[in-house]
Amino acid sequence: MTPQDSFYMQRCLELASHGLGSTFPNPLVGCVIVHNGLIIGEGWHRKAGEPHAEVLAIASVKNEALLPESTIYVSLEPCSHYGKTPPCANLIIAKKIKKVVIGTIDPFAKVAGNGIQLLKEAGCQVTLGVLEDKCNQLNKRFFTFHTKKRPYIILKWAQTQDGFIAPMAEKRENNPQPFWITNPYSRQLVHKWRTEEAAILIGTRTALEDNPKLNSRLWKGHHPVRIIIDRHLRIPKNYNVWDGSVKTLFITEKTNTPLTKNTYFHTIDFSKPLATQICDIAYEHHLQSLIIEGGTQTLNTFIEEALWDEARVFTGEKFEKKGVPAPKIQQVPDHQTSLLNDQIHHYYNT
C-alpha cells in the first residue's frame, strides 16, 4: 500500500459517506478513477436500485480512452452478481481497467470474494486491504447484518448531571409537559441520527408517557421503521405510534391481533431473552440498524444481553435530585464530544 493508495481510498470513503441513510439495504460505497496522478472520475452509491459507485465514476470520465491506463479505487469489493443493477466487476473488465484497488471484501454471500476472483481471472491487477479498518467501520451496519445476522444496535439516552433519565412518576403526572434534559441542538442531532438508521425502538412506558412520533421531523431524511414493545397492547389507538405514517412493528404476547395500516405484530415469549428475539424479528424485516431510544428498562434489556454495538449518552445541565436512574455501562467512554453545554459520551462494545 502506497501513500497515494491511502490518499485516493480516503477520498472514496469521503464520497461514500454522502450516502449514509439513503442506500439501505445496500452498503455505502465510494469510487475514484485516477490517471497519471489526477482524479478523472468520481462516484458514490446514492440509493438502492440506482447505479453503483463504480458505474457513476466511470460515467463521469470525459475521455474513456484513458480508462485502460487508469487505476480504479473502490472502498468495497465490486459486485459480481445481477441484482437491481448489473455486476460492477463486469463493467470494470469491459472498460479494460487493469488496475483495481479495493478497500475491503464484501461479506454479502452473493459477492464475498467472487468480484475479486472475477477481476483477477480477467487479468486485472488487484490490490486489497487499503484502509481496510476504515472501510469496515464505514459499513458497520451492513457488515454486522451480514456477519452476525442481526442489526447494528445503537443505544441512546439523555441523563441529568446526577444520573437520572426521567423525573419521578408523580412529577410527570403533575406536569405532563415534555421533560427535556438536553438543548434544542442536541435534540436536532438525534433526529439527524434517526435518518441514518433503519429502525428505532422504544418500550411501552416511553410510548405512554411521551406519545412520541419517532420520526425525523427536525432533520431532512427518511423516517426509521418504528419498533414498539407493548406486551399487552396497552397503548391507546389514538397515540402517534398507531397512525400508520411509518412502518411499525409491535412486539407483544398477544395473538390474533387485527391488521392495521402499515402495522405488523410479532408475538414473542416474554419469559425468554427479549433483546435476542427482537434482533431476530429485525433481521427478518431486513433492518440493518436499530437505535434504541427507550427508557431504562428497555435499554438495560439490551445491555444485560450484551446486544449492543454503540452507545451515545447525553449529559445535560439539569440536576433532578431524584427520579428514574439512567442505565450504566461498565466501561470508560471511548471518546467525548460536546454540543454547547451538553456532553456526549460515546461507547463501543468491542
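Quick caveat: nothing in here was measured; it's all calculated off a predicted structure.

Caption draft 1: View of the UniProt feature "active site" (unreviewed entry) in the protein chain. Mapped onto this numbering, the UniProt entry gives "active site" (unreviewed entry) at Glu 54. In this fold, Glu 54 is placed in helix 2 (residues 53-59). Overall, Glu 54 belongs to the buried group, its relative accessible area being 3%. Setting aside chain neighbours within four positions, we find Glu 54 in contact with Cys 31, Ile 72, Val 74, Leu 76, Pro 78, Cys 88 and Ile 92.

Caption draft 2: Geometry of the pairing of strand 9 (residues 225-229). For strand 9, a buried count of five out of five residues is recorded, marking the element as mostly surrounded by other parts of the structure. Burial of strand 9 is two-sided: the residues Val 225, Ile 227 and Ile 229 facing one way and the residues Arg 226 and Ile 228 facing the other way are all buried. Taken together, the four bridges between strand 8 (residues 199-202) and strand 9 define a ladder with parallel strand orientation. Within strand 9, the residue paired with Ile 200 across the bridge is Arg 226. In this fold, the crossover linking strand 8 to strand 9 by way of helix 9 (residues 204-210) has right-handed handedness.

Caption draft 3: Region of interest: the packing of aromatic side chains. All chains considered together, the criterion is met by eight aromatic pairs. Ring plane angle 25° and centroid distance 5.8 Å describe the contact between Phe 250 and Phe 265, whose orientation is recorded as stacked. Taken as a pair, Phe 250 in strand 10 (residues 248-252) and Phe 265 in strand 11 (residues 263-267) lie far apart in primary sequence, 15 residues in all. On the accessibility criterion, Phe 250 (0% relative accessible area) is buried. Residue classification places Phe 265 among the buried residues on the basis of a relative accessible area of 18%. Taken together, the aromatic side chains of Phe 7, Tyr 8 and Tyr 73 make up a single cluster linked through ring pairs. Lys 247 extends its terminal NZ or CZ atom over the ring of Tyr 264, reaching a point 5.3 Å from the ring centre.

Caption draft 4: Examining the sheet that holds strand 11 more closely. Here nine strands make up an open sheet; going across it, the order is 11-10-9-8-12-6-13-16-15 and the pairing mixed. Single-partner strands in this sheet number two, and they are strand 11 and strand 15 (335-339). Strand after strand, the sheet turns through a mean of 20° between neighbouring axes, direction not considered. As defined by bridge partners, strand 6 (residues 152-159) adjoins strand 12 (residues 289-292) across four bridges and the pair is classed as parallel. Paired with Ile 154 across the strands is Ile 291, a residue of strand 12. Here helix 6 (residues 140-148) sits on the sheet and contacts strand 6, strand 12 and strand 13 (310-315); the angle it forms with strand 6, its principal contact strand, is near 125°. Contacts from helix 11 (residues 296-304) reach strand 6, strand 8, strand 9 and strand 12 within the one sheet, and its direction differs from that of strand 6 by about 140°.

Caption draft 5: Quick look at the domain arrangement of the protein chain. What the domain assignment reports for the protein chain is domain 1 (3-142) and domain 2 (149-348). Taking only C-alpha atoms into account, the centre of domain 1 sits 35 Å from that of domain 2. Between domain 1 and domain 2, the residue contacts involve seven residues of the former and 12 residues of the latter. Both sides together, the interface formed by domain 1 and domain 2 hides about 830 Å², and carbon and sulfur atoms give 53% of it.

Reading guide: rules and limits
Residues numbered from 1 in each chain as written. Predicted model: local features only at pLDDT ≥ 70, side-chain atom pairs only at ≥ 80, totals over all residues. Heavy atoms only, no water. UniProt positions renumbered as here; feature names shortened; annotations may be inferred. Helix = DSSP H or I, 4+ residues; strand = E, 2+ residues; numbered from the N terminus. Buried < 20%, exposed > 50% of the residue type's maximum accessible area, 1.4 Å probe, protein only. Contact = heavy atoms within 4.5 Å. Pairing = 2+ DSSP bridges. Right-handed = clockwise from strand over helix to strand, strands pointing away. Phe/Tyr/Trp six-rings, centres within 6.5 Å; stacked < 30°, edge-to-face > 60°. Lys NZ or Arg CZ within 6 Å of the ring centre and 35° of its normal. Axes fitted to C-alpha atoms, helices over the stretch in contact; angles between N-to-C directions. Domains from an automatic or database assignment. Buried area = accessible area lost by both parts, 1.4 Å probe.

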